[in-house]
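A look at the structure
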Amino acid sequence: MRNGKKTVLAVLLAGCCAFSGCGTQAEETEQAEQGNFVTGTVECKEVYIRAKIPGYLTDIPIEEGQEVKEGDLLFSTDQRDVQVKQTQASATAQAAAGQVEAAAGQVQAAKNAVEAAAAVVDKANANVQLLETEYAKYQELYAMDAVSEDNMDKLATQLEAAKLDAQAALSQQQAAQGQYEAATGQYGAATGQLQAAKGVLAEVNLNLSQTSQYAPCNGTVTMISSSVGELIGTGTTIVTLTDYGDRWIMANVDEYEIGKLRIGQEIPLTSKAYPDTVFHGKIVNISKNPDFAVKKSTNELNDQDVVTYEVKIALSGEDDVMLYPGMLVRVDLDKVGEA
């Protein structure tokens, strides 16, 4: 009886040991299959085409899902209001240009008057100097009784008249100078009005050009948010373009693994959507700012949070299979290599 109990106990112990060994082996196999992976999300370039000016949509010659090239027309808005403003601004600019031309003519005329008055002043001053010199000589002769008093009086009268003429000429010159300065000021004001009118016209022409919006890059029309005939406001998103050729992976790597990554390193990627395909990526940016923390309560970490950093991985254009935005991929950190 005792031998039978011993036999049963031995069998149970052997079974437990075998079960324990199998469990350990299974866990090791599972860990080996898991590897050192992080999960990343596929992202790509999206461009939002917004209305630059308010108005009614008159044309949307594209459809969702359509491939467009850079420069293709995406939508147009009503131009009539802007065209009316363009006509008004153009007329204002032309009138301002006429005022500038007239003011320029006045400035030239005033300048000519100033120059003519200056010539008269110079002639009058020269006449005064000549008479003063002659009067000084006559005074010497008069002292020697060589010149009569009547001649001296005539010469004095001529000198006084010359001085009055010089003062009158100087006054005319100053008046001409004042007119010149006034004309110059009017010219400056007219020029400022012309520049303002040109600025308004340039703004209107810009608004007119923005009634039609074109694709800034190649891409796929993934959303059209408005319809023809709808009144839209400035900044309203009308079309969304997605450039599937410009794709990348955004993955969060914790602080214990980030040290092994370098910009330019190549790294393999896998996706559940294509389990038999290995994609090729290259690290193009490693954020230096922490993104978020993952709680790992272990003795090794002393119950501290693990900080993660965002890593951007560009997809190679050699991969023919499409990874769409939002798909999840596995990034194998154990197979990262130098570029």
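Refer to the preceding data block for the structure.
Rules behind the numbers
Residues numbered from 1 in each chain as written. Predicted model: local features only at pLDDT ≥ 70, side-chain atom pairs only at ≥ 80, totals over all residues. Heavy atoms only, no water. Core = buried A, V, L, I, M, F, W, Y, C linked by side-chain atoms within 4.5 Å. Buried < 20%, exposed > 50% of the residue type's maximum accessible area, 1.4 Å probe, protein only. Helix = DSSP H or I, 4+ residues; strand = E, 2+ residues; numbered from the N terminus. Contact = heavy atoms within 4.5 Å. Phe/Tyr/Trp six-rings, centres within 6.5 Å; stacked < 30°, edge-to-face > 60°. Lys NZ or Arg CZ within 6 Å of the ring centre and 35° of its normal.

Here we come to the nonpolar core. Core analysis: the biggest nonpolar cluster contains 19 residues, and Leu261, Leu269, Val311, Ile313 and Val331 have the highest contact counts within it. Of all the secondary structure elements, the ones that give two or more residues to this core are strand S1 (37-50), strand S8 (237-254), strand S9 (266-271), strand S10 (274-295), strand S11 (305-315) and strand S12 (328-332). Once you skip the residues sitting within four places of it in the chain, leucine 261 turns out to touch Val253, Ile283, Ile286, Val311, Leu333 and Val336. Grouped together as the second largest cluster of nonpolar side chains are 16 residues, Ala215, Cys217, Val221 and Ile232 included.

On to the packing of aromatic side chains, then. Using the criterion set out here, one finds two aromatic pairs in the structure. Between tyrosine 244 and tyrosine 324, the ring centres sit 6.2 Å apart and the planes meet at 80°, which makes this aromatic pair edge-to-face. Taken together, the residues span a long stretch of sequence, with tyrosine 244 in strand S8 and tyrosine 324 in the loop between S11 and S12 at a distance of 80 residues. Of the residues examined, tyrosine 244 reaches a relative accessible area of 23% and is grouped as partly exposed. Judged by its relative accessible area of 43%, tyrosine 324 falls in the partly exposed class. Between tyrosine 274 and phenylalanine 279 the ring centres are 6.1 Å apart and the planes differ by 65°, which places this aromatic pair in the edge-to-face class. Among the residues examined, tyrosine 274 registers a relative accessible area of 22% and is labelled partly exposed. Sitting over the ring of tryptophan 248, lysine 312 keeps its end group 4.4 Å from the ring centre.

The values are spatial; any link to function lies outside them.
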